[in-house]
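# A closer look at the structure
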Amino acid sequence: MARALIFVVCIFFLGGRRATAETSLPPLLRDVRFEQRLNEQTPLDLEFKDEVGQNVRLGRYFGKKPVILVLAYFRCPKLCTEVLNGLVRAMLDMSFDAGKEFEIVTVSFDARETPVMAALKKKTYVERYGRPGADAAWHFLTGDQEAIDRLTQAVGFHYMYDAAHDQFAHASGIMVLTPTGKISRYFYDVHYSRRDLHLGLVEASENKIGSPVDNILLYCFHYDPTAGRYGPAIMNILRAAGVLTVLGIGAFLTIMWRGEPRKARLAEEQIAAR
């Protein structure tokens, strides 16, 4: 009974704090957020226009590699630019290359934007990334409102239009999807660590990319969906450290045991020489 009472009080307290925080926000921002829908299927049948104005299905960019999905409108005066800049910085720090180990799809959620605007944005970021093959691996898409709505709803991206300033209020972050289009990870903010993005791609690819070192890193770090990043899995690290310690002690004892007969032989030879 005591435990149940404590649980109810905690739920009431936390729920009250959340409700207060939500009501203290401006009305425009109350519904702006990422609603995590991990393992949900993205509708790959959606049709958009690519940078040259051709109709393309979203599924065209899936099938073999994990995909980094970015929802950003191209006229955004600040936040979308910071998201894309942060993604470029993280990708440049990684050993993985766009086109080889993963694809990138950036979709505008402003139905008024055009393929010409997408092409200009693509040119800027492909040049900034600068690695060979980026032009064929990074795709900038525009579409009608119906396709945008279906995509944003499927991935849990909630945004609002501010008519007074002709801008969109939206959350900052990126998503990593599996080769089949399922949502694998959300990463928040505008700064994405090399390690987090690397591990997210390894997980999303179902270990089709990566190395034994990547598998060890996945063992030592776990993904925190509330924070949108990977943190150390303490028990796994302690177990790994324990195994390494035992192996080290075993190697030391083996060397010592192998050295004992040699020392005995040297001692016998010294006695005989006397």
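Residues numbered from 1 in each chain as written. Predicted model: local features only at pLDDT ≥ 70, side-chain atom pairs only at ≥ 80, totals over all residues. Heavy atoms only, no water.

### Quick word on the overall build of the chain
Looking only at helices and strands, the chain has 8 helices and 13 strands in total. Classification of the 274 residues of the chain by burial places 41% in the buried group. When contacts within the chain are restricted to residue pairs at least 6 apart in sequence, those whose partners lie at least 24 apart make up 71%. When the accessible area of the chain is evaluated, it comes to approximately 15,800 Å², of which 60% is carbon and sulfur surface. (Helix = DSSP H or I, 4+ residues; strand = E, 2+ residues; numbered from the N terminus. Buried < 20%, exposed > 50% of the residue type's maximum accessible area, 1.4 Å probe, protein only. Contact = heavy atoms within 4.5 Å. Areas by Shrake-Rupley, 256 points an atom, 1.4 Å probe, with all protein chains shown as cover.)

### Looking at helix α6 (residues 194–204)
Among the 11 residues that make up α6, 8 are buried, leaving the element largely enclosed by the rest of the structure. Every buried residue of α6 is listed here: D196, L197, H198, L199, G200, L201, V202 and A204.

### Regarding the pattern of salt bridges
Scanning the model with the defined rule gives 17 salt bridges in all. For R112, the salt bridge goes to D166, with nearest N and O atoms at 3.0 Å. Of this pair, R112 sits in the loop between β5 (103–107) and α3 (115–129) while D166 sits in the loop between β8 (160–162) and β9 (167–169), and the two are 54 residues apart along the sequence. For R112, a relative accessible area of 45% corresponds to the partly exposed category. Look at D166 and you get partly exposed, because its relative accessible area is 30%. Three or more residues joined by partner-sharing salt bridges are found here, namely R75, D110, R112, E113 and D166. (Salt bridge = Lys/Arg side-chain N within 4 Å of Asp/Glu carboxyl O.)

### Things to note about the packing of aromatic side chains
Considering all chains together, one arrives at 14 aromatic pairs under this definition. Here the aromatic rings of Y73 and F168 are separated by 5.0 Å at their centres, their planes lie at 65°, and the arrangement is edge-to-face. In this pair, Y73 is assigned in the loop between β4 (67–71) and α2 (79–93) and F168 in strand β9, connecting sequence segments 95 residues apart. The same class applies to Y73 as to F168, namely buried. Taken together, the ring pairs connect F34, Y73, F109, F157, Y159, Y161, F168, Y186 and Y188 into an aromatic cluster. (Phe/Tyr/Trp six-rings, centres within 6.5 Å; stacked < 30°, edge-to-face > 60°.)

### With respect to the sheet that holds strand β6 (residues 138–141)
Overall, mixed pairing links the 5 strands, which are arranged β6-β5-β4-β10-β11 in an open sheet. Of all the strands in the sheet, just β6 and β11 (183–188) have a single pairing partner and so form its edges. Strand-to-strand twist across the sheet, computed as the mean angle between neighbouring axes with direction ignored, equals 20°. Bridge count for β5 against β6 is 4 bridges, and the pairing is parallel. (Pairing = 2+ DSSP bridges. Axes fitted to C-alpha atoms, helices over the stretch in contact; angles between N-to-C directions.)

### Digging into unusual backbone geometry
Even without glycine at this site, N39 takes up a positive phi of about 70°. With respect to the helices, strands and loops of the structure, N39 is situated in the loop between β1 (33–34) and β2 (47–49). The exposure class of N39 is exposed, given its relative accessible area of 55%. We note that D166 has phi near 55°; this positive angle belongs to a residue other than glycine.

### With respect to the nonpolar core
The biggest cluster of nonpolar side chains holds 67 residues, and the ones touching the most others in it are I68, M91, F102, W138 and L197. Sorting elements by how many residues they give to this core places α2 first, with 7 residues. Excluding its chain neighbours within four sequence positions, the residues that come into contact with W138 are E51, L84, L87, V88, M91, I104, T106, K122, Y125, V126 and Y129. (Core = buried A, V, L, I, M, F, W, Y, C linked by side-chain atoms within 4.5 Å.)

### Examining the side chain of D110
With respect to the helices and strands, the residue D110 is situated in the loop between β5 and α3. Looking at D110, the relative accessible area reads 2%, which means it is buried. Separated by 2.8 Å, the side chains of D110 and R75 make a polar contact. Sequence-distant contacts of D110, defined by excluding residues within four places in its chain, comprise Y73, R75, I148 and F168. (Polar contact = N/O pair within 3.5 Å; in protein donor to acceptor, adjacent residues only side chain to side chain.)

### Description of α3
With 15 residues, α3 extends 21 Å from end C-alpha to end C-alpha; this agrees with the ideal 21 Å at 1.5 Å per step. Turning to α3, its buried residues number three or more, namely P115, A118, K121, K122, Y125, V126 and Y129. Buried residues of α3 fall within an arc of 130° about the axis and therefore sit on the same side. Opposite its buried face, α3 presents the exposed residues V116, L120 and E127, each directed more than 90 degrees away. Contacts made by the buried residues of α3 are with β2, α2, α4 (134–137) and β6. Phi turns positive one or two residues past the end of α3, at G130, with a value near 75°. (Expected span 1.5 Å × (residues − 1). Arc of directions from axis to C-beta.)

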